[in-house]
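Descriptive structure summary
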Amino acid sequence: LNFLSGEEPCNAKTKGVNNSLLLLILLALELGKMKAVVSEETYQAYIEEITASIEDIPATIKKTKRRIEAHKEWSKIPHFYVIGNVTNVGIAEEAVLKIMETLCIPGTVCELGEFSHGVHRTIGPNSNVITIQTEEAGHDIMEKTNSFLANKAGKLLVVQATKEICEEDDVIPVPYRPLTASCLNINVGFQVLATALPELNGEDPNREINEELTFSVKTRV
């Protein structure tokens, strides 16, 4: 299956990630429809939401850039956490990878249910945390976790896709798409962060660092 990403002259592939995510969703829908476990009505509802999500992308890019321009101090962080839940756990993992790759600092991903089982003990005034808030199962626990982090962490940024539009300064609002948990646009928001943060420091996100490893293990052919 061709991802149909086209050329993308950067190390931190943005289109490739979103296209592979979209391809997996479409593949699941087609298989579900073929096996008669996804109705035509549900299938069409997903297709309509996916189409709307793609149309949402320019606005997500604009809002994310506006938030990070207002919080340029995030470009100077020495380390960070990303906390995700349910559908967006994979997006949290990708977010940590991309920001580590471009800002060249250590990062940690944590699933929401695991956060209170020890990870919370590492949070202090020097902690920098990004969370993903949706309407999926566990959203109330995420809200309480955000309240805890607002009082304990040095910096908190919430990527939020909920019914209620939030315009708080530490929130990146993403259009609410319940069937896919807004994963396509949440992912886009993190891709923008990964590009914008090093650029705020006057650094190329694709600058060469430790390239000898990629040649040694033949990451690229």
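Our subject in this report is the structure included herewith. (Residues numbered from 1 in each chain as written. Predicted model: local features only at pLDDT ≥ 70, side-chain atom pairs only at ≥ 80, totals over all residues. Heavy atoms only, no water.)

**Remarks on the packing of aromatic side chains**
What counts here: Pairing of aromatic rings covers Phe, Tyr and Trp, the last counted by its six-membered ring, and requires centre-to-centre distances within 6.5 Å; plane angles under 30 degrees mean stacked, over 60 mean edge-to-face, and any other angle means tilted. Helix numbers and strand numbers start at the N terminus; a helix is a DSSP run of H or I with at least 4 residues, a strand a run of E with at least 2. Each ring is checked for a lysine NZ or an arginine CZ that lies within 6 Å of its centre and within 35 degrees of its normal; such an atom marks a charge sitting over the ring.
One pass over the full model with this rule turns up one aromatic pair. With a centroid separation of 6.4 Å and 65° between ring planes, the pair formed by Phe-115 and Phe-148 is classed as edge-to-face. With Phe-115 in helix H4 (residues 112-115) and Phe-148 in helix H5 (residues 139-152), this residue pair connects regions lying 33 residues apart in the sequence. Of note, Lys-33 hangs over the ring of Tyr-43, and the distance from its end group to the ring centre comes to 4.1 Å.

**Remarks on the side chain of Gln-133**
Test applied: The cut-offs for exposure are 20% and 50% of the maximum accessible area for each residue type, with area from a 1.4 Å probe on protein chains only; residues under the lower value are buried, those over the upper are exposed, and the others partly exposed. Under the rule applied, a polar contact is a pair of N or O atoms within 3.5 Å (in protein, one hydrogen donor and one hydrogen acceptor; residues adjacent in sequence only if both atoms are side-chain atoms). In what follows, residue pairs with any heavy atoms lying within 4.5 Å of each other are defined as contacts.
Inspection of the secondary structure assignment puts Gln-133 in strand E3 (residues 128-133). Residue classification places Gln-133 among the buried positions, given a relative accessible area of 3%. A polar contact is formed between the side chain of Gln-133 and the backbone oxygen of His-139, at a distance of 3.2 Å. Excluding residues that lie within four positions of it along the chain, Gln-133 makes contacts with His-139, Met-142, Glu-143, Asn-146, Val-158, Val-159, Gln-160, Ala-161 and Thr-162.

**Examining the side chain of Thr-64**
By the element assignment, Thr-64 lies in helix H2 (residues 40-70). Classification of Thr-64 by relative accessible area gives buried; the value is 0%. Filtering out sequence-adjacent residues up to four positions away, Thr-64 remains in contact with Ile-172, Gly-189, Val-192 and Leu-193.

**What about the nonpolar core?**
Operational definition: Buried Ala, Val, Leu, Ile, Met, Phe, Trp, Tyr and Cys residues form a nonpolar core when they are joined through side-chain atoms within 4.5 Å.
Ranked by size, the top nonpolar core spans 34 residues in total, and within it Val-82, Ile-99, Ile-130, Ile-186 and Phe-190 carry the most contacts. Broken down by secondary-structure element, the contributors of at least two residues to this core are helix H1 (15-34), H2, strand E1 (80-84), helix H3 (89-103), E3, strand E4 (155-160) and helix H6 (183-200). Top element by residues in this core is H6. It accounts for eight residues. Other than its neighbours up to four places away in sequence, Ile-186 contacts Asn-88, Ile-91, Ile-132, Thr-134, Val-159, Ala-161, Val-174 and Ala-181. Counting residues in hydrophobic clusters, the runner-up holds 14 residues, among them Tyr-81, Val-129, Val-158 and Val-171.

**Some thoughts on the sheet that holds E3**
Threshold: Paired strands, in this sense, are two strands between which DSSP finds at least two bridges. Axis definition: a line fitted to C-alpha atoms, over the contacting stretch in the case of helices. Angles run 0 to 180 degrees between N-to-C directions.
In space, the five strands of this open sheet follow the order E2-E1-E3-E4-E5, with parallel pairing throughout. Two strands close off the open sheet at either side, each with one partner strand: strand E2 (107-111) and strand E5 (171-173). Taken pair by pair, the neighbouring strands of this sheet meet at an average axis angle of 15°, ignoring direction. Pairing geometry for E3 and E4, over six bridges, is parallel. Bridged to Ile-130 within E4 is Leu-157. Relative to E3, H5 is tilted by about 160°, and along the sheet it contacts E1, E3 and E4. Lying over the sheet, H6 contacts E1, E3, E4 and E5, oriented at roughly 160° with respect to E3.

**A short note on the packing of H1 against H2**
Counted only if it meets this: Here is the rule for angles: anything less than 35 degrees is roughly parallel, anything more than 145 is roughly antiparallel, 65 through 115 is roughly perpendicular, and the remaining ranges are oblique. Note on residue categories: nonpolar means Ala, Val, Leu, Ile, Met, Phe, Trp, Tyr, Cys or Pro, charged means Asp, Glu, Lys or Arg, and polar means any other residue, Gly included.
Axis separation between H1 and H2 bottoms out at 10 Å; the angle between their running directions is 170°. Accordingly, the angle class assigned to the pair H1 and H2 is roughly antiparallel. On the side of H1, the interface is formed by Asn-18, Leu-22, Ile-25, Leu-26, Leu-29, Glu-30 and Lys-33, while H2 contributes Glu-40, Tyr-43, Tyr-46, Ile-47, Ile-50, Ile-54 and Ile-57. Of the residues assigned to the contact of H1 with H2, the class counts are 10 nonpolar, one polar and three charged.

**Some words on H5**
To be explicit about the condition: A helix is expected to reach a length of 1.5 Å times the quantity of its residues less one. Along the arc lie the directions from the helix axis toward the C-beta atoms.
Here H5 is 14 residues long and its end C-alpha atoms lie 20 Å apart, about the 20 Å a rise of 1.5 Å per residue gives. Buried within H5 we find Met-142, Thr-145, Asn-146 and Leu-149. What you see down the axis of H5 is that its buried residues fit within an arc of 105°, all on one side. For H5, the exposed residues set more than 90 degrees away from the buried face come down to Lys-144, Ala-150 and Asn-151. Next to the buried residues of H5 lie E1, H4, E3 and E4.

**Looking at the pattern of salt bridges**
Test applied: What makes a salt bridge here is a side-chain nitrogen of Lys or Arg within 4 Å of a carboxyl oxygen of Asp or Glu, nothing more.
Scanning the entire structure with this criterion turns up five salt bridges. In this structure, Arg-177 engages Asp-56 in a salt bridge whose closest nitrogen and oxygen atoms are separated by 2.9 Å. On the criterion of sequence distance, the pair formed by Arg-177 in the loop between E5 and H6 and Asp-56 in helix H2 is long-range, its members being 121 residues apart. Classification of Arg-177 as partly exposed rests on a relative accessible area of 24%.

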